[in-house]
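Structural description and commentary
The chain contents come next:
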Amino acid sequence: MQQKLLFLFGEFDNQLRKQKCTAGIKECLLRGDWPTAPPMGFDIIKDGGRRRFIVNSKGRLIRKAFEWKARENVTNEVIRERLEFHGLKIKNNQRISEILRNPFYCGMLAHNMLEGKIVKGNQEILISREIFLKVNGKLDQLPRGYNINEENVEIPLKRFLSCDGCGKAMRGYEVKKKRKHYYKCSTKGCNNNKSAEVLNARFVHILKYFEINVAKDLLNLLREQVVATFNQMAIGKKDAYQELSVQHKEILAKIIRLEERFVEEDIERELYRRYRLKYDIEKEEIEKNLLLLSKQVSNLEKVTNIALKFCIELPKKWFFADYHTKQQLQQLLFPSGIFYDKKSDKCRTFKINSVFLYVAYIQQVITKKKSGIPELCLEYSAFSALVAGSRIELPTSGL
Ligand SMILES: [Zn+2]
């Protein structure tokens, strides 16, 4: 009997606790505080006994996903591929959709316990409400198996090509009667236009210089060369890293000294607070830069491998890719695009991604076919000058 009573009390106690708990959670939500772990993309920091959620590096990539969706209307598959390329693996497209639908990212809270109400949260806002709504409008519009406008595939270089005469981007259009596509300068009266078929074919030719078609043992040699060159270039970054490490030690020492002086009542609370805040901000800045640099240095080899893999059958990959992947590839290789001049019928570029540039260059050195890239008006001497003048850029940046 007594045991049963005890058991009942136990039950009651549990019930009570549960109710208290749910009330607590609801209260917490209404205050704008998320009671459990935040979704992917946020770090938890303690701020005077309160938990705060701030956007971390994954979150910054998720922000990009929202922007890609809003600006380019890309498919979830493309988003998933791009995120993976940047090092963020999402298991499937369904998950991408879930992420893009989660209002937490635009600073709002939705929870069962709020019974349909949406509350403004205290987390850092990852993406504006405007973009969030735009993206979600799109998500709802899109039928399953949504495909990009087929026509675009015929003119993948539009906006990537610029007019060499006036510098404006070139548009793509179709002459329906002839069933032919053209690129055309967007400046009125400039008259710079050219058959899309011809320029697309020329672009494939240009890509061939970046294609790896050497034997396997040569590929390994190539890899070693590229990594070695890049490590050489990374030395400057390592110096910067060491300097930052010293600064980091110094700021930590300053903070300890400040605390000591405060404890010893050398300085007033107000002064302590002011300096503490200043030092903390400095410390955070240094730590942020340290993290950035360490990632860049250790990423080099990984990035080189990705680039080399990319370069195998590059022209074919581009040719058979969908419109968005094509544009992505183009932008990756030639960050400032390609300029076309009607009079001379020539293309040129100002910038080639350094990783790919090296692949093309070292391959020409190894195979002794020192041709440069004549399709881009780069003779071998100009080509190697470009190589010498280039700096490290990870191909993951700017995408
Ligand atoms: Zn023009």
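Residues numbered from 1 in each chain as written. Predicted model: local features only at pLDDT ≥ 70, side-chain atom pairs only at ≥ 80, totals over all residues. Heavy atoms only, no water.

**Describing the coordination of the zinc ion**
Worth spelling out the cut-off: Metal donors: N, O and S atoms at distances within 2.8 Å, or within 3.2 Å for Na, K and Ca, with water omitted from the atom set so that some sites may seem incomplete. Key to geometry: four donors with every angle between 85 and 135 degrees are tetrahedral; four donors are square planar and six octahedral where opposite donors lie over 155 degrees apart and all remaining angles lie between 65 and 115; all other sites are irregular. We count a stretch as a helix when DSSP gives it H or I for four or more residues in a row; a strand needs E for two or more, and each element gets its number in order from the N terminus. Under the scheme applied here, a residue whose accessible area is under 20% of the maximum for its type counts as buried, over 50% as exposed, and between as partly exposed, the area being computed with a 1.4 Å probe on protein chains only.
Coordination sphere of the zinc ion, protein contribution only: C163 (SG), C166 (SG), C185 (SG) and C190 (SG), at 2.2 to 2.4 Å. Its four donor atoms give the zinc ion angles of 92 to 122 degrees at the centre, a pattern that matches the tetrahedral case. Coordination of the zinc ion draws on donor residues from a single chain, spaced C-x2-C-x18-C-x4-C in sequence. Taken together, the positions of C166 in the loop between strand 5 (161–163) and strand 6 (170–175) and C185 in strand 7 (residues 180–185) put the pair 19 residues apart, joining distant regions of the chain. According to the relative accessible area criterion, C185 is buried, its value standing at 1%.

**Some thoughts on the confidence of the model for the protein chain**
Heads up, the rule is: As a per-residue measure, pLDDT reflects the predictor's confidence and takes values from 0 up to 100. Contacts were defined at the residue level, with two residues in contact if any of their heavy atoms lie within 4.5 Å.
In the predicted model, the protein chain carries a mean pLDDT of 81, and 82% of its residues have values of at least 70. Counting interchain partners and residues more than four positions distant, the pLDDT-below-50 stretch residues 139–151 has 13 contacts.

**Considering the sheet that holds strand 9 (residues 338–341)**
Selection rule: Paired strands, in this sense, are two strands between which DSSP finds at least two bridges. Only the stretch in contact is used when a helix axis is fitted, and all axes are lines through C-alpha atoms; the angle between N-to-C directions ranges over 0 to 180 degrees.
Read across the sheet, three strands follow the order 5-9-10 without closing on themselves; strand pairing throughout is mixed. A single partner strand is all that each edge strand has here, and the edge strands are strand 5 and strand 10 (346–348). Taken pair by pair, the neighbouring strands of this sheet meet at an average axis angle of 35 degrees, ignoring direction. As judged from the three bridges shared by strand 5 and strand 9, these two strands associate in the parallel manner. Across the sheet, the residue bridging to C163 is Y340, located in strand 9.

**Things to note about the environment of D164**
Note on placement: D164 falls in the loop between strand 5 and strand 6. With 177 residues separating them along the chain, D164 and D341 place their C-alpha atoms 4.9 Å apart.

**Some remarks on the nonpolar core**
Going by this rule: To form a nonpolar core, buried Ala, Val, Leu, Ile, Met, Phe, Trp, Tyr and Cys residues must be joined to one another through side-chain atoms within 4.5 Å. Here the bounds of each domain stem from an automatic or database domain assignment.
Residues F210, F334 and I338 are the most contacted members of the largest nonpolar core, which totals 47 residues. Ranked by the residues each element gives to this core, the list is headed by helix 11 (residues 354–367), at seven residues. Formed jointly, this core draws a minimum of three residues from each of two domains, domain 2 (153–213 + 314–389) and domain 3 (216–311). Discounting residues that sit within four places of it in the chain, F210 has contacts with C311, L314, L333, F334, I352, F356, L357, V359, A360 and I373. Listed in part, the 32 residues of the second largest apolar core include F42, V74, I90 and L114.

**So, empty space enclosed by the protein**
Selection rule: We place a 1 Å grid over just the protein atoms. Points where a 1.4 Å probe fits but has no way out form a cavity, open points with protein on both sides within 12 Å along at least 5 of 7 lines form a pocket, and any residue with an atom within 4 Å of a point lines it. Grid points are joined across faces, edges and corners, and a volume is the space filled by probe spheres set on the points. Residues are sorted three ways: Asp, Glu, Lys and Arg are charged, Ala, Val, Leu, Ile, Met, Phe, Trp, Tyr, Cys and Pro are nonpolar, and all the rest, Gly among them, are polar.
Tallying each qualifying case throughout the model produces two cavities of 30 Å³ or more. Approximately 50 Å³ is the volume found for the largest cavity. Contributing to the lining of the largest cavity are L157, L161, L199, R202, F203, I206, I338 and C347. If you tally residues by element for the lining of the largest cavity, the top one is helix 6 (residues 196–208), at four residues. Here the residues of the lining of the largest cavity are counted per class, giving seven nonpolar, no polar and one charged. Considering only enclosed or pocket space, the second largest cavity measures out at about 30 Å³ in volume. Around the second largest cavity sit I62, A65, I79, L83, I96, I99 and L100, which together line it. It is helix 4 (residues 93–101) that contributes the most residues to the lining of the second largest cavity, three residues altogether. Residue composition of the lining of the second largest cavity, by class: seven nonpolar, no polar and no charged.

**Some thoughts on the sheet that holds strand 7**
The strands making up a sheet are joined through hydrogen bonds of the backbone, oriented either antiparallel or parallel. The strand order across the open sheet built from three strands is 6-7-8, with neighbouring strands paired in antiparallel fashion. Each end of this open sheet is capped by a strand with a single partner; those strands are strand 6 and strand 8 (193–195). Taken over all neighbouring pairs, the strand axes of this sheet differ in orientation by 25 degrees on average, direction set aside. The sheet contact formed by strand 7 and strand 8 spans three bridges and is antiparallel. Across the sheet, Y183 pairs through a bridge with K194, a residue of strand 8.

**What to know about the pattern of salt bridges**
Should their charged atoms come close, side chains of opposite charge can pair. To be explicit about the condition: By convention in these notes, a salt bridge is any Lys or Arg side-chain nitrogen within 4 Å of a carboxyl oxygen on Asp or Glu.
As enumerated under the stated definition, the model contains 17 salt bridges in all. One salt bridge connects E98 with R95, and the closest N-O pair in it is separated by 3.2 Å. With a gap of three residues between them, E98 and R95 both fall in helix 4, about one helical turn apart. Across the pair E313 and K316 runs a salt bridge, and its minimum N-O distance is 3.4 Å. Overall, the relative accessible area of 47% leaves K316 in the partly exposed class. Connected through salt bridges with shared partners, the residues R31, D33 and R50 form a single ionic network.

**Re the packing of aromatic side chains**
Rules: Note on ring pairs: Phe, Tyr and Trp rings are taken, using the six-membered ring of Trp, and paired if centres are within 6.5 Å. Classes follow the plane angle, with under 30 degrees stacked, over 60 edge-to-face and the rest tilted.
This structure, assessed with the given rule, holds 19 aromatic pairs. Between F42 and F104, the ring centres sit 5.0 Å apart and the planes meet at 85 degrees, which makes this aromatic pair edge-to-face. Pair noted here: F42 is in strand 1 (residues 42–47) and F104 is in the loop between helix 4 and strand 3 (108–110), with a separation of 62 residues, a long-range link. By relative accessible area, which is 7% here, F42 ends up buried. Relative accessible area serves as the criterion here: at 2%, F104 is assigned to the buried category. An aromatic cluster is built from W34, F42, F53, F66, F104, Y105 and F132, whose rings are joined through pairwise contacts.

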